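So the chains spell out like this:
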Amino acid sequence: MKQRNDEAPAILSRGAPAGGSYLTIPSRSAIRAHPVETERVLLTPIDPADGPELWTVVDQSRWHLERWLPWVPFNNTPEASQRYAEACAADWDSGRAVRFGIRERGTHALLGVVGLDSCVHLHRSCELGYWLRREATHRGLMTESSRAAVDFAFRHMGVHRIRVAAATDNHASLSVIGRLGFRFEGIARQAEWCDGRWLDHAIFAMLGTDLR
């Protein structure tokens, strides 16, 4: 994987000691200028300008996404997608979450989102989340994008632990998690209400000290 943001300036989290034992979050502007690159995709911070494209992608893949993602029914207007894009920018700037738009290298078309959510600076931890538009599935792009996000977390944010969860019958997502090398930690029973039923979640994690 090629990354060009090694020299990007970083923002030390509020209240963090100078020794850097808390998370550091590279600025959105630096990563927009030098996106995280893989062979087939670019990862760029979600900005307010991405709102209209996010709406189009979600709306065109609604039936594909809503079975596993409880937020999809609430993203039901262009204004809702715009608010989400604005929240992503605010969350990045405040150090709460780092969310990337997944863009095809050749066309820069938006394919989905991969995020490092629920950043806890004291514990240097976050949660991996992701989704792809229907037309981009079954091509290995989710594994490629998620691997780049995980690498970004460990290399550029100083993350120690990343947690990820998937419904126990969401075999596509579980396959991504397996290919990334996360370790299984347990089952959270009826962890989420989604599409009219309770989902049990399989919980996984990766530490910065794990072999990858």
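Let me sum up the structure you'll find in this document. This structure is a prediction, so every number in the text was calculated from the model and none was measured.

## What about the side chain of R62?
- Topologically, R62 is positioned in helix α3 (residues 62–65).
- A relative accessible area of 18% means that R62 is categorised as buried.

## Looking at the pairing of strand β6 (residues 110–120)
- Of all 11 residues in β6, 8 are buried; the element is thus mostly enclosed.
- As paired strands, strand β5 (residues 98–104) and β6 are joined by 6 bridges and run antiparallel to one another. Looking across to β6, one finds that F100 is bridged to V114.
- Sheet analysis places β6 next to strand β7 (residues 125–132), joined by 7 bridges and oriented antiparallel. Residue pairing for β7: D117 is matched across the bridge by E127.
- Counting the residues in the hairpin turn of β6 and β7 gives 4 residues, including R124, whose phi is positive at 55°.

## Thoughts on the nonpolar core
- Counting residues in hydrophobic clusters, the biggest one holds 39 residues, and the most contacted among them are F100, V114, L128, M157, I162 and F182.
- Among the elements of the structure, β4 (41–45), β5, β6, β7, α5 (141–156), β8 (161–167), α6 (171–180) and β10 (197–207) are those that each provide at least two residues to this core.
- At 8 residues, α5 tops the list of elements feeding residues into this core.
- When near neighbours in sequence (up to four residues on either side) are disregarded, L128 contacts V114, G115, L116, S146, A149, V150, I162, R163, V164, L180 and F182.

## Side note on the side chain of S61
- Along the polypeptide, S61 turns up in the loop between α2 (51–60) and α3.
- When its relative accessible area of 0% is taken as the criterion, S61 is described as buried.
- Reaching out from S61, the side chain makes a polar contact with the backbone nitrogen of R134 at a distance of 2.9 Å.
- If we skip the residues at most four places from it in the chain, S61 touches R133, R134 and E135.

## What to know about the packing of α2 against helix α4 (residues 78–94)
- At a closest axis distance of 8 Å, the pairing of α2 and α4 adopts a crossing angle of 125°. As summarised for this structure, α2 and α4 are arranged oblique, according to the angle between their axes. As for the relative orientation of α2 and α4, their crossing is right-handed in sense. Facing G51, P52, L54 and W55 of α2, the residues of α4 in contact are P78, S81, Q82, Y84 and A85.

Quick notes on the rules
Residues numbered from 1 in each chain as written. Predicted model: local features only at pLDDT ≥ 70, side-chain atom pairs only at ≥ 80, totals over all residues. Heavy atoms only, no water. Helix = DSSP H or I, 4+ residues; strand = E, 2+ residues; numbered from the N terminus. Buried < 20%, exposed > 50% of the residue type's maximum accessible area, 1.4 Å probe, protein only. Pairing = 2+ DSSP bridges. Core = buried A, V, L, I, M, F, W, Y, C linked by side-chain atoms within 4.5 Å. Contact = heavy atoms within 4.5 Å. Polar contact = N/O pair within 3.5 Å; in protein donor to acceptor, adjacent residues only side chain to side chain. Axes fitted to C-alpha atoms, helices over the stretch in contact; angles between N-to-C directions. Parallel < 35°, antiparallel > 145°, perpendicular 65-115°, else oblique. Left-handed = near helix turned anticlockwise from the far one by under 90°.

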